[in-house]
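# Working through the structure, step by step
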Amino acid sequence: MFVSFFPKPKLFFISAVLWSLAAVLFWLYAGEQLGAYIGLPPADPNAPPIVGVSVFATKAFIWLYIYFGVCVGIFAAFWMWYAPHRWQMWSIWGSALIIFTTYFDVQLNIALNTWRGPFFDLFQKAITTPNSVAASELYWMQWLFAGIGFLSIMLFVFSNYFISHYVFRWRSAMNEYYMDHWSRLRHIEGASQRVQEDTMRFSTTVESLGVNLIQAAMTLIAFLPLLAQLSLHITSLPIIGQIPYSLVVLAIGWSLLGTILLAVVGIKLPGLEFKNQRVEAAYRKELVFGEDDEKRAQPLTVTELFRNVRRNYFRLYFHYTYFNVARGLYGQADAIFLNVMLIPTIVTGKITLGLWQQIATAFGQVSNSFQYLVTSWSTIVELLSIYKRLRAFEAVIYDEPLPEIDQRYLRTQSEEV
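Residues numbered from 1 in each chain as written. Predicted model: local features only at pLDDT ≥ 70, side-chain atom pairs only at ≥ 80, totals over all residues. Heavy atoms only, no water.

## Some thoughts on the packing of helix α9 (residues 299–347) against helix α10 (residues 353–370)
Running from amino to carboxyl end, α9 crosses α10 at an angle of 140°, the nearest separation of the two axes being 11 Å. Accordingly, the angle class assigned to the pair α9 and α10 is oblique. The handedness of the crossing between α9 and α10 comes out as right-handed. Along the contact surface, α9 presents Asp334, Phe337, Leu338, Asn339, Leu342 and Ile346, while α10 presents Trp356, Ile359, Ala360, Phe363 and Ser367. Here the contact of α9 with α10 is built from residues that sort into 8 nonpolar, 2 polar and 1 charged. (Axes fitted to C-alpha atoms, helices over the stretch in contact; angles between N-to-C directions. Helix = DSSP H or I, 4+ residues; strand = E, 2+ residues; numbered from the N terminus. Parallel < 35°, antiparallel > 145°, perpendicular 65-115°, else oblique. Left-handed = near helix turned anticlockwise from the far one by under 90°. Contact = heavy atoms within 4.5 Å. Nonpolar A, V, L, I, M, F, W, Y, C, P; charged D, E, K, R; others polar.)

## Some points on a negative patch on the surface
There is a patch of like negative charges on the surface, built from Glu291, Asp292, Asp293 and Glu294. As for its placement among the helices and strands, glutamate 291 is situated in helix α8 (residues 269–292). Under the relative-accessibility criterion, glutamate 291 is labelled exposed at 65%. (Patch = residues over 30% accessible without salt bridge, like charges linked within 9 Å, V, L, I, M, F, W, Y side chains within 5 Å. Areas by Shrake-Rupley, 256 points an atom, 1.4 Å probe, with all protein chains shown as cover. Salt bridge = Lys/Arg side-chain N within 4 Å of Asp/Glu carboxyl O. Lys, Arg positive; Asp, Glu negative; His and termini not counted. Charge placed at Lys NZ, Arg CZ, Asp CG, Glu CD. Buried < 20%, exposed > 50% of the residue type's maximum accessible area, 1.4 Å probe, protein only.)

## What to know about the environment of isoleucine 239
When you line up the elements, isoleucine 239 lands in the loop between α6 (191–230) and α7 (246–265). Placed 102 residues apart in sequence, isoleucine 239 and methionine 341 show a C-alpha to C-alpha distance of 9.4 Å.

## Points about the packing of aromatic side chains
In total, this model carries 42 aromatic pairs according to the counting rule given. Ring geometry for phenylalanine 5 against tyrosine 166: centres 5.5 Å apart, planes inclined by 85°, an arrangement best described as edge-to-face. Taken together, the positions of phenylalanine 5 in the segment before α1 (9–34) and tyrosine 166 in helix α4 (residues 135–180) put the pair 161 residues apart, joining distant regions of the chain. Residue phenylalanine 5 is classed as buried on the basis of its relative accessible area of 0%. Plain terms: the ring middles of tryptophan 27 and tyrosine 67 are 5.0 Å apart, the flat faces sit at 50° to each other, and that makes the pair tilted. (Phe/Tyr/Trp six-rings, centres within 6.5 Å; stacked < 30°, edge-to-face > 60°.)

## A word on the UniProt feature "transmembrane region" (unreviewed entry) in the protein chain
Taking the numbering used here, the UniProt-annotated feature "transmembrane region" (unreviewed entry) corresponds to residues 12–30, 62–83, 90–112, 140–163, 209–231 and 243–267. Helix makes up 100% of residues 90–112 and strand 0%, and the two end C-alpha atoms of the span are 31 Å apart. (UniProt positions renumbered as here; feature names shortened; annotations may be inferred.)

## Thoughts on the pattern of salt bridges
According to the stated counting rule, one finds 2 salt bridges in the structure shown. The salt bridge involving glutamate 176 is made with arginine 86; its shortest N-O contact spans 2.9 Å. Note that glutamate 176 is positioned in helix α4 and arginine 86 in the loop between α2 (59–82) and α3 (88–128), a separation of 90 residues in sequence. Judged by its relative accessible area of 31%, glutamate 176 is partly exposed. When the shortest N-O distance is used, the salt bridge between glutamate 304 and arginine 307 registers 2.5 Å. On the criterion of helical spacing, the pair formed by glutamate 304 and arginine 307 is a turn pair, its members being 3 residues apart in helix α9.

## Things to note about the nonpolar core
Considering soluble globular proteins, one finds that nonpolar side chains tend to be buried as a cluster. Phe5, Tyr166, Trp170 and Phe202 are the most contacted members of the largest nonpolar core, which totals 30 residues. Elements with a minimum of two residues in this core: α1, α2, α3, α4, α6 and α11 (372–397). For this core, the element with the most residues is α4, which contributes 9 residues. If sequence neighbours within four positions are ignored, phenylalanine 202 has contacts with Met1, Phe2, Trp170, Met174, Leu383, Ile386, Tyr387 and Leu390. (Core = buried A, V, L, I, M, F, W, Y, C linked by side-chain atoms within 4.5 Å.)

## Thoughts on a positive patch on the surface
A surface patch of like charges, here positive, comprises Lys268, Lys275, Arg310, Arg311 and Arg315. With 3 residues, α9 is the single largest residue contributor to the positive patch. Examined against the element boundaries, arginine 310 turns out to sit in helix α9. Judged by relative accessible area, arginine 310 falls into the partly exposed class, the value being 41%.

## Considering unusual backbone geometry
In this structure, lysine 8 takes a positive phi of about 45° despite not being glycine. Among the secondary structure elements, lysine 8 is positioned in the segment before α1. Of the residues examined, lysine 8 reaches a relative accessible area of 45% and is grouped as partly exposed.

## Quick notes on the packing of α1 against α2
Taken N-terminus to C-terminus, the directions of α1 and α2 make an angle of 150°; their axes are 11 Å apart at the nearest point. Our classification of the angle between α1 and α2 gives roughly antiparallel. Considering the relative orientation of α1 and α2, their crossing is right-handed. From α1, Leu11, Phe12, Ser15, Ala16, Trp19, Ala23, Phe26, Trp27, Gly31, Glu32 and Leu34 reach across to α2, where they touch Trp63, Leu64, Tyr67, Cys71, Ile74, Phe75, Trp79 and Tyr82. Here the residues of the contact of α1 with α2 are counted per class, giving 16 nonpolar, 2 polar and 1 charged.

Right, here's the structure in full:
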């Protein structure tokens, strides 16, 4: 699954994580300042924020692009020398490009949040004090918003186009790898489906979960300092009172509460999802055999197999019902949680409409990032079921014991022969 696309996967991913961590730490403590030596200094912390897409053409961002390119270049050059691989242009350079577009998407969200502050303050001033704001000012702010939106659309279209090709290249690599061993793999139950369908599902799901995880981590890195800064405007919280970094504490605490709640409520669902794959596979296998052998897929057998499918689905429906109730209640509470917490600050007039917009956006970004497992758990369960099917292929290739479900199938085949 991985060795077909990545060079020495275990060592590659470990080195990628360590190199990324080292690059980030060096940037934070020294790298950002190095740009000043070539005329690309960091942004002045005392200067007013730049609103609009022009921020991405500043000297600070240009130096960041160069720094990222150099770090990726060193990493890629090492692996292309140490372990040359047929798919290295896609697996190494392609992965780096996906990481960069993910980071840029997070920065677009920050740019949009920066725009919200002055726009809504201007909007508040316009509706409370007639003729205090020129129409041209509001037109200009809308133009800046359109620029951010247009860049976001262009990034979305490009990244989706590139990721589609990336995923198909990964599928192609797995397909080639498994076809090289097809004479040994063809006896595994559902071998054709595993090669034709599961390879595509695996590459697509891993890419999606990986990108979402990276985006969640980058969002936390980008928005947590902003949320900490915005906490200075919060005077007091209901019941709790005034605490340092109140918005950060609220975001982390509320997200952990939701994660634990939904994990406990949905604890039975992963097992049922796994079982669902098995009963569906057993039913499908019998029907396939019945296409070529009139002695197979007899009414009593098919009825019993379908009864197992129905029983498992009905159990899933039941458990999903109370899980959806809990998820819905948490979602509704999440929609008003921040506003309830901000009421003491709002009634004292300590924040403006623009600040409230920025706080709400930053809080939502941080909260959603901490809820990564909540939003992705069903996809993770699906990925694990696909992994188990493809793992049987690799067990044959590396002469390892097959999973029990595949061993039962081979025993059945031997008995029939």
